[in-house]
Amino acid sequence: MTLDIADLAQLDRAHIIHPYLPGSATERVVMISGSGCRLTDSQGRGYLDATGGLWLAQVGHGRTELADVAHAQMAKLEYFTSFWEFSNERAIELATRLASLAPAPLSHVYFTSGGSEGNEAAIKMARYYHHRRGESSRTWILARSKAYHGIGYGGGSATGFPLYHEGFAPMMPHVSHLTPPWPYRTELYGDQPLSPEQVTDFLIRELEERIAEIGPGNIAAMIGEPIMGVGGMLVPPADYWPRVREVLDRHGILLIFDEVVTAYGRVGEWFAAQYFGVTPDIIVTAKGITSGYVPLGALLVGDHVAEVLLRDHGFPMGYTYNGHPVATAVATANLDLIEREGLLARATGLGAFLHAELEAQLGELPVVGEIRSVGMMLAVELVRDRATRAPLPLHPERMPHDVIRRETGVIVRDSAHSLVLSPPLIMTEAEAREVASALRGVLERTEPTGEIRAA
């Protein structure tokens, strides 16, 4: 079947259910090709990708090196199961590589097809770990409000947005949500502004109280994004994760880091665990592991957890595409590119450059409350009033990120009253300036009411 390119948008509207897109919406942007940080749609219009797709295009679009690896592996062995005693050389190669990159003692790997599957597996691992050790009462999962852990029932229940629960209830029981680390939002912690250290004090007190309320012998794990992406790129105080780790250790509670967004160079390290100086019991990864070229996820599991899971009949769950040879081959080649091209250091350097450009061009605008970043994760929080920090009202029919894309071709993401940026790690300084200029061109016309004046 050959489709006329002029009919693509119409056929899309007729047949595809898009996440978060109402049926009444008629606009479609049908991407046809990509190279580096640039994309082209079916109408021939060019775009600058400042989102990395969904936080994942680490090495950029159109890398023929990865396409060639996929082709070669498909011609050799496209697929065979990794259940039971079966394996393949590409999965073994990637697992060995990941074990060498991960903080010790996370030297065991469990493959999935993506982040949502990974968080489902991690929650089940935590519960099963305690069950195998004779503590079957440990079923509770601690999470945070504003967290995003995917769309399965386990990860979706841990996700801390009402939108993802409404209409899907009942959700998984025994999940408790804590206050997120968001120092800019001082109202979360009482009436008085607090220093970052005082914010951590507040959150640690809350954590201790919640553990006492539920009972430490009833809690399996706490799951958290090291930096909360969908929540608006929320960066915790530097002492937050080390202190959380200490509390959990004291009570025998596992720590799961959801690094689906933050791993593989995004924050300037292979893993955000290394950035924060904390070693969790399980790290969930996906997205940047292949830069999105094929679906893949990987859990990095501490030896102490793996030893328990591997007893008796082993860990009784698996996915059809566990350790898929094509996906793992592409992942290894992708990690090679990240390493060979120095993209971890580039994420740190270019991220700082982009942050400085945003500060220079946006820092004094009335609707810009805060600009925050770690590596190539950045957010511009929008406010109605800089003094009160009241969030900017948003108008669904004319959102800032939509106006930026339509007027300039720069693609950014709206998330929790923030414009979130997660560009490919190969972005140039000229492209970073283009991004900052595009944001300024719209935000300088944005009123405290959320209305955007015509250009």
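Residues numbered from 1 in each chain as written. Predicted model: local features only at pLDDT ≥ 70, side-chain atom pairs only at ≥ 80, totals over all residues. Heavy atoms only, no water.

Note the threshold: UniProt positions are given in the numbering used here, feature names are shortened, and annotations may be inferred rather than shown by experiment.
The protein has the name Aminotransferase class III-fold pyridoxal phosphate-dependent enzyme in an unreviewed UniProt entry, where Streptomyces cuspidosporus is given as its organism. Listed under Sequence similarities (unreviewed entry) in UniProt, the entry text for the protein is "Belongs to the class-III pyridoxal-phosphate-dependent aminotransferase family."

### Things to note about the overall build of the protein
Our working definition: Segments assigned H or I by DSSP are reported as helices when at least four residues long, segments assigned E as strands when at least two residues long, and all are numbered from the N terminus. Note on exposure labels: buried denotes an accessible area under 20% of the residue type's maximum, exposed denotes more than 50%, and partly exposed covers the range between, all computed with a 1.4 Å probe on protein chains only. Two residues qualify as a contact provided that any one of their heavy atoms is within 4.5 Å of a heavy atom in the partner residue. Accessibility throughout is a Shrake-Rupley quantity obtained with a 1.4 Å probe, and a residue counts as covered only by protein chains that appear here.
Along its length, the protein carries 14 helices and 16 strands. Principal-axis analysis of the C-alpha atoms places the extent of the protein at approximately 65 × 60 × 45 Å. Buried positions account for 54% of the 455 residues belonging to the protein. Within the protein, residue pairs in contact and separated by at least 24 positions form 72% of the contacts whose partners lie at least 6 positions apart. By element, 56% of the accessible surface of the protein is carried by carbon and sulfur atoms, the whole surface being about 19,300 Å².

### Some thoughts on the pattern of salt bridges
To keep things clear, this is the line we draw: Salt bridge criterion: a side-chain nitrogen from Lys or Arg within 4 Å of a carboxyl oxygen from Asp or Glu.
This structure, assessed with the given rule, holds 32 salt bridges. The partner of Asp249 in a salt bridge is Arg245, with the nearest N and O atoms 2.7 Å apart. With a gap of four residues between them, Asp249 and Arg245 both fall in helix α8 (residues 240-250), about one helical turn apart. According to the relative accessible area criterion, Asp249 is partly exposed, its value standing at 47%. Here the salt bridges do not stand alone but share partners, grouping Arg185, Glu187, Glu370, Arg372 and Glu381 into one network.

### Observations regarding the sheet that holds strand β9 (residues 282-285)
Two orientations exist for strands paired in a sheet by backbone hydrogen bonds: parallel and antiparallel. For clarity, the cut-off: DSSP calls a pair of strands paired once it identifies at least 2 bridges connecting them. Axis lines are fitted through C-alpha atoms, for helices just across the contact stretch, and the angle between N-to-C directions can take any value from 0 to 180 degrees.
In spatial order, the strands read β4-β10-β9-β8-β7-β5-β6; together these seven strands make up an open sheet with mixed pairing. Of all strands in the sheet, those bounded by a partner on one side alone are β4 (108-112) and β6 (175-178). For this sheet, the mean inter-axis angle between neighbouring strands, taken without regard to orientation, is 20°. Bridging between β4 and strand β10 (residues 297-301) involves five bridges; their strand directions are antiparallel. The partner of Phe111 across the bridge, within β10, is Ala298. Against the sheet, helix α7 (residues 196-214) touches β5 (140-144), β6 and β7 (219-224), its axis set at about 160° to β6.

### So, the packing of aromatic side chains
Cut-off, in case you're wondering: Any two of the Phe, Tyr and Trp rings considered here, Trp counted by its six-membered ring, make a pair once their centres fall within 6.5 Å; the pair's planes then place it as stacked at under 30 degrees, edge-to-face at over 60, or tilted in between. A ring is considered to have a charge above it if a Lys NZ or an Arg CZ atom is located within 6 Å of its centre and within 35 degrees of its normal.
According to the stated counting rule, one finds 13 aromatic pairs in the structure shown. Between the aromatic rings of Tyr79 and Tyr321, the centroid separation amounts to 5.9 Å while the plane-to-plane angle is 70°, which identifies the pairing as edge-to-face. With Tyr79 in the loop between α3 (64-76) and α4 (89-101) and Tyr321 in the loop between α10 (303-309) and α11 (325-340), this residue pair connects regions lying 242 residues apart in the sequence. In this structure Tyr321 comes out as partly exposed when scored by relative accessible area, which is 45%. The ring centre of Trp182 lies 5.8 Å from the NZ or CZ of Arg185, which sits over that ring.

### Side note on the environment of His395
Definition in use: What qualifies as a polar contact is a pair of N or O atoms within 3.5 Å, subject to a donor-acceptor requirement within protein and to the restriction that residues adjacent in sequence count only when both atoms come from side chains.
As for its placement among the helices and strands, His395 is situated in the loop between β13 (390-391) and α13 (400-408). For His395 and Val59, which are 336 residues apart along the polypeptide, the C-alpha to C-alpha distance reads 34 Å. Not counting residues up to four positions away in its chain, the partners in contact with His395 are Thr449, Gly450 and Glu451. At a separation of 3.0 Å, a polar atom in the side chain of His395 contacts the main-chain carbonyl oxygen of Thr449.

### A word on unusual backbone geometry
With an omega dihedral of 5°, the bond running from Ala104 to Pro105 counts as a cis peptide bond. Considering the arrangement of structural elements, one finds Pro105 in the loop between α4 and β4. Of note, the amide linkage connecting Ala169 to Pro170 takes the cis form, showing an omega dihedral of 0°. Looking at the secondary structure, you find Pro170 in the loop between α6 (153-158) and β6. The phi dihedral of Lys287 is positive, around 40°, even though this residue is not glycine. Assignment of secondary structure puts Lys287 in the loop between β9 and β10. For Lys287, a relative accessible area of 22% corresponds to the partly exposed category.

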